[in-house]
Amino acid sequence: ISFNGTDQFLKFGNSERFFDFDPWGIGHFPSFSVWVWVKFRALDNAERICGQYENITTDYWSIAKRAVIGGNKLAFVAFEGGVNEITMNGNTSIADTDWHLVTFVKINTTYAFYLDGNQDSYLIDADTGTINEGLTLGAVFNGATYSGFSNIAIAALGIYKNSTGPLNAMLAPNAGITNSFTIPVGLWGDYTGIASYAKSPL
């Protein structure tokens, strides 16, 4: 799927609500993960990958890449009722326009990003929230219109009700940010590991 950064996005209906309204609430799914092959074509722009948005100023969660002022690093942000419940930033600057495997993991109250199989962040946070909207790719919603369109390509997106995703072993993010995993050969497309990020199965 390719988004032009001007007026393109993909919105799933409310029947496709992500994790029963509550993507980071402990009471619904203690562990889950989001896995996406993504290419950021406008390197220094803030780019939203996916999220649920009732209103971008008050009630939403988002997985994104920050702009150059934020170091071109990954970010997970969740707001409810205008309160910033959770913010987790990555540590690695994405300094190219190649394909990358971005993995967002929640294990009970532990959160982590993995970038290309390497742990990139770590956070413990017990806050929860409820967002009553379907999943949106490539844009944000302010309650009336869409904006913040992303100039990205998504080769594959997987959402799992566990932290293992397509792997056979449980991930173990830690405060030292030292956990990693080997990207399975052929994960969701014509990929054979880190040497093939420049190839897209679409």
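Attention in this report is confined to the structure presented alongside it.

Reading the values: rules and limits
Residues numbered from 1 in each chain as written. Predicted model: local features only at pLDDT ≥ 70, side-chain atom pairs only at ≥ 80, totals over all residues. Heavy atoms only, no water. Phe/Tyr/Trp six-rings, centres within 6.5 Å; stacked < 30°, edge-to-face > 60°. Helix = DSSP H or I, 4+ residues; strand = E, 2+ residues; numbered from the N terminus. Lys NZ or Arg CZ within 6 Å of the ring centre and 35° of its normal. Core = buried A, V, L, I, M, F, W, Y, C linked by side-chain atoms within 4.5 Å. Buried < 20%, exposed > 50% of the residue type's maximum accessible area, 1.4 Å probe, protein only. Contact = heavy atoms within 4.5 Å. Pairing = 2+ DSSP bridges. Lys, Arg positive; Asp, Glu negative; His and termini not counted. Salt bridge = Lys/Arg side-chain N within 4 Å of Asp/Glu carboxyl O. Polar contact = N/O pair within 3.5 Å; in protein donor to acceptor, adjacent residues only side chain to side chain. Patch = residues over 30% accessible without salt bridge, like charges linked within 9 Å, V, L, I, M, F, W, Y side chains within 5 Å. Areas by Shrake-Rupley, 256 points an atom, 1.4 Å probe, with all protein chains shown as cover.

What follows covers the packing of aromatic side chains. Across all of its chains, the model carries 13 aromatic pairs by this definition. Pairing Tyr60 with Phe79 gives two aromatic rings, centres 5.4 Å apart and planes at 10°, and the pair type is stacked. With a gap of 19 residues between them, Tyr60 in strand β4 (residues 59-65) and Phe79 in strand β5 (residues 74-80) connect regions that are remote in the sequence. Within the aromatic cluster, the residues linked to one another by ring pairs are Phe32, Trp61, Phe76, Phe104, Tyr111 and Phe113. Here the basic side chain of Lys65 rests over the ring of Phe40, its NZ or CZ set 5.6 Å away from the ring centre.

Another point: the nonpolar core. It is characteristic of soluble globular proteins that their nonpolar side chains tend to be buried jointly. Core analysis: the largest hydrophobic core is formed by 27 residues, its most contacted members being Ile63, Phe76 and Phe104. The leading source of residues in this core is strand β2 (residues 31-40), at 5 residues. Residues within four places of Phe76 in sequence aside, it is in contact with Trp61, Ser62, Ile63, Ile86, Thr87, Met88, Phe104, Tyr111 and Phe113. One finds Leu101, Ala112, Ala155 and Phe181 within the second-largest nonpolar core, a separate group that totals 15 residues.

What follows deals with the sheet that holds β5. With antiparallel pairing, the 6 strands of this open sheet are ordered in space as β1-β11-β3-β4-β5-β6. Looking at strand neighbours, the two that pair on one side only are β1 (10-11) and β6 (83-89), the edges of this open sheet.

By the element assignment, Asp116 lies in the loop between β8 (110-115) and β9 (118-119). Lacking a salt bridge, the buried Asp116 has Lys39 as its closest oppositely charged neighbour, with an N-O distance of 13 Å. Within the structure, Asp116 has its side chain in polar contact with the side chain of His100 (distance 2.7 Å).

Here we take up the pairing of β5. Among the 7 residues of β5, 6 are classified as buried, and the element is accordingly described as predominantly covered. In this sheet, β5 lies alongside β4 in antiparallel orientation, the contact comprising 6 bridges. Its bridge partner being in β5, Trp61 is matched across the sheet by Ala78. Examined bridge by bridge, β5 and β6 share 6 bridges and lie antiparallel to one another. Across the sheet, residue Glu80 finds its bridge partner in β6, namely Val83. The hairpin formed by β5 and β6 contains 2 residues between the paired strands, and Gly81 there has a positive phi angle of roughly 60°.

On the surface, a cluster of nonpolar side chains totalling about 220 Å² of accessible area is made up of Ile1, Leu10 and Phe12. Here Phe12 lies in the loop between β1 and β2.

So, about the environment of Asp125. Relative to the helices and strands, Asp125 resides in the loop between β10 (123-124) and β11 (135-137). Judged by its relative accessible area of 16%, Asp125 falls in the buried class. Along the primary structure Asp125 and Thr109 are separated by 16 residues, whereas in three dimensions their C-alpha atoms are 5.3 Å apart. Not counting chain neighbours up to four residues away, the residues in contact with Asp125 comprise Glu85, Ile86, Thr109 and Tyr111.

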